Amino acid sequence: KLMKASLLMLMVATCMLLVGIEVSSNSEFISYVQDKKVGDRSQATIGEVVDFYLPNAEWSFFTSDIGKFIVEVSGTHQNEEVEGVTTILIQFQFQNVAKKGDINMLTDVSLAYMEVNGNVCSREEALENMDILFEIYKKYRPR
């Protein structure tokens, strides 16, 4: 009985370790996206801009149904000027990677998807919205 209990505890510990490694690597991929500069001449990062506009943003990493590696961020913004809440979901895709192990801090990232208040944005709208978020950040960020 003692051996069965020890074996069971070893299996549970191994599973917990593997889950911990997975969560750790996922947070690393999220950091890669957060640390990307918004534009060629900008010092602001994606993480700074998004977290400024969406102060309680939730970040996650996943592999899409078609094998694309995605970092997703979602959150809400309290808009005081129009007394409303804006809900945003943004997905960034790692470019030119065949497997998860190929992703590193130098891997290119592109804006892959955006929803505003549940409405899917076209590529042009999504890029324009990201520009707007960046302009808001530049204008209102604490100095």
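Since we're looking at a predicted model, the values are computed, not measured.

## Details of helix α3 (residues 123-140)
Inference 1: Given a rise of 1.5 Å per residue, 18 residues ought to cover 26 Å, and the 26 Å separating the end C-alpha atoms of α3 matches this to within 8%.
Inference 2: Within α3 the residues assigned to the buried category are A126, M130, L133, F134 and Y137. Projection of α3 onto a plane perpendicular to its axis shows the buried side chains occupying an angular sector of 95 degrees, all on one side. Along α3, the residues that are exposed and aim more than 90 degrees away from the buried face are E124, E128, D131 and K139.

## Section: the nonpolar core
Inference 1: In terms of nonpolar packing, the biggest core is built from 30 residues, with V50, W59, F61, I90, F92, F94 and I103 touching the most fellow members.
Inference 2: Listed by contribution, the elements that provide at least two residues to this core are α1 (2-34), α2 (46-53), β1 (58-63), β2 (69-79), β3 (84-94), β4 (109-116) and α3.
Inference 3: A per-element tally of this core places α3 first, with five residues.
Inference 4: In contact with F61, not counting residues within four places along its chain, are N26, F29, I30, F69, I70, V71, F94, K100 and I103.

## Quick word on the packing of aromatic side chains
Inference 1: The tally for this structure, following the rule as stated, stands at six aromatic pairs.
Inference 2: When the centroid spacing of 6.5 Å and the interplanar angle of 5 degrees are considered together, the rings of F61 and F69 count as stacked. As far as the burial class goes, F61 and F69 line up, both buried.
Inference 3: Pairwise contacts between aromatic rings join F29, Y32, F61, F69 and F94 into one cluster.

## Describing the layout of surface pockets
The gaps left among the atoms become clear once a water-sized probe is rolled over them.
Inference 1: Within this model, the largest pocket holds a volume of roughly 300 Å³.
Inference 2: Around the largest pocket sit 10 residues that line it, and Y53, H77, Q78, N79 and I136 are the ones nearest its centre.
Inference 3: Those elements giving two or more residues to the lining of the largest pocket turn out to be α2, β2 and α3.
Inference 4: When residues of the lining of the largest pocket are assigned to their parent elements, the largest contribution, three residues, is made by β2.
Inference 5: When its volume is computed, the second largest pocket comes out at roughly 240 Å³.

## So, the packing of α2 against α3
Inference 1: For the pair α2 and α3, interaxial distance at closest approach is 9 Å and the crossing angle is 80 degrees. Judged by the angle between their axes, α2 and α3 are roughly perpendicular. In this structure, α2 uses E48, V49, F52 and Y53 to contact α3, whose residues at the interface are L133, F134, I136, Y137 and Y140.
Inference 2: Along the lines of polarity and charge, the residues of the contact of α2 with α3 split into eight nonpolar, no polar and one charged.

## Topic: the pairing of β3
Inference 1: Counting buried residues in β3 gives eight out of 11 residues, a clear majority hidden from the surface.
Inference 2: Summarising the sheet, β2 and β3 pair through 10 bridges and their orientation is antiparallel. When the bridges of β3 are listed, G75 appears paired with I88.
Inference 3: Pairing between β3 and β4: seven bridges, direction antiparallel.

## Some thoughts on the sheet that holds β1
Inference 1: Reading across from one edge, β1-β2-β3-β4-β5 is the order of the five strands in this open sheet, with antiparallel pairing throughout. For this open sheet the edge positions go to β1 and β5 (119-120), each flanked by a neighbour on one side alone.
Inference 2: Its contacts with the sheet put α3 on β3, β4 and β5, and the angle it makes with β4 is roughly 95 degrees.

Conventions we followed
- Residues numbered from 1 in each chain as written.
- Predicted model: local features only at pLDDT ≥ 70, side-chain atom pairs only at ≥ 80, totals over all residues.
- Heavy atoms only, no water.
- Helix = DSSP H or I, 4+ residues; strand = E, 2+ residues; numbered from the N terminus.
- Expected span 1.5 Å × (residues − 1).
- Buried < 20%, exposed > 50% of the residue type's maximum accessible area, 1.4 Å probe, protein only.
- Arc of directions from axis to C-beta.
- Core = buried A, V, L, I, M, F, W, Y, C linked by side-chain atoms within 4.5 Å.
- Contact = heavy atoms within 4.5 Å.
- Phe/Tyr/Trp six-rings, centres within 6.5 Å; stacked < 30°, edge-to-face > 60°.
- 1 Å grid on protein atoms, 1.4 Å probe; cavity = no way out; pocket = protein on both sides within 12 Å on 5 of 7 lines; lining within 4 Å.
- Points joined across faces, edges and corners; volume = space filled by probe spheres on them.
- Axes fitted to C-alpha atoms, helices over the stretch in contact; angles between N-to-C directions.
- Parallel < 35°, antiparallel > 145°, perpendicular 65-115°, else oblique.
- Nonpolar A, V, L, I, M, F, W, Y, C, P; charged D, E, K, R; others polar.
- Pairing = 2+ DSSP bridges.

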